[in-house]
Amino acid sequence: MISSFLGMNYRLFLERIKKPGTYALVFFLLKIVLAGLLFYAVRPFNELLAAGVLFITAAPAAGVSPSLTRICRGDVEFIIGLLILTTILSPFTLPLTMNLLAGADMDIDISGMIRTMIMIIIIPMVVSITARKFFARIIEKTQPYLSSSAVIIISLMLL
C-alpha cells in the first residue's frame, strides 16, 4: 500500500472522492450485483463453493489493485478511493451480503477490523505522505518501478 500511495496524485485523488455517486454505483455493481450473480451462477453446482465465491467477491478490494491498475494504465486514484471505501464498509456489508444471499451468519470482530484498516490504509498513507515531503526527488525517479515492486512483494508474501 505504501508504494501505491507514494505513486498517487493526491490532487486527482481528492477530485475523485468529491464524486461519491460514481463510487456508490461501482460499489453496488461490484459488491452486490456481481457478488449475487456469481453466487447464483455457481450455487446449482456446489453450494459451499458458491458461498466461497460470494465471500471473496463481497470482500474488500485487494491491496494490490492500485499497483495492477497502474501497470494496466488505469485510474489509480479512483481505485485507491474504491479500495478505501470497500475496506471501511466491509465490516457492515460483508456480513449483510453473506446473510441475505447465502443465509450465513458471520461474527465480525469490528475492533479487530478497525485495527487492521488502520494498519492497511492509515499508516501506509501517513508514511507515504511523509516520505513524499522528504524524498520527493527519489520518489519521482523511482515512480515507474513502484507498481512492479508492489506486485513482486505481494507475490513473495503469498508464496
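A brief report on the enclosed structure follows. Keep in mind it's a predicted model, so treat the numbers as computed, not measured. (Residues numbered from 1 in each chain as written. Predicted model: local features only at pLDDT ≥ 70, side-chain atom pairs only at ≥ 80, totals over all residues. Heavy atoms only, no water.)

This brings us to the packing of helix α3 (residues 20–42) against helix α4 (residues 47–58). Interaxial distance between α3 and α4 falls to 8 Å at its minimum, and their mutual angle equals 165°. The orientation of α3 relative to α4 falls into the category roughly antiparallel. In the packing of α3 onto α4, the handedness of the crossing is right-handed. Of the residues in α4, those touching α3 at Leu30, Lys31, Leu34, Ala35, Leu38, Phe39 and Val42 are Leu49, Ala50, Ala51, Val53, Leu54, Thr57 and Ala58. Here the residues of the contact of α3 with α4 are counted per class, giving 12 nonpolar, 1 polar and 1 charged. (Axes fitted to C-alpha atoms, helices over the stretch in contact; angles between N-to-C directions. Helix = DSSP H or I, 4+ residues; strand = E, 2+ residues; numbered from the N terminus. Parallel < 35°, antiparallel > 145°, perpendicular 65-115°, else oblique. Left-handed = near helix turned anticlockwise from the far one by under 90°. Contact = heavy atoms within 4.5 Å. Nonpolar A, V, L, I, M, F, W, Y, C, P; charged D, E, K, R; others polar.)

Let us now look at the side chain of threonine 69. Positionally, threonine 69 belongs in helix α5 (residues 65–71). Dropping the residues within four chain positions of it, threonine 69 is found in contact with Gly74, Asp75, Val76 and Ile79.

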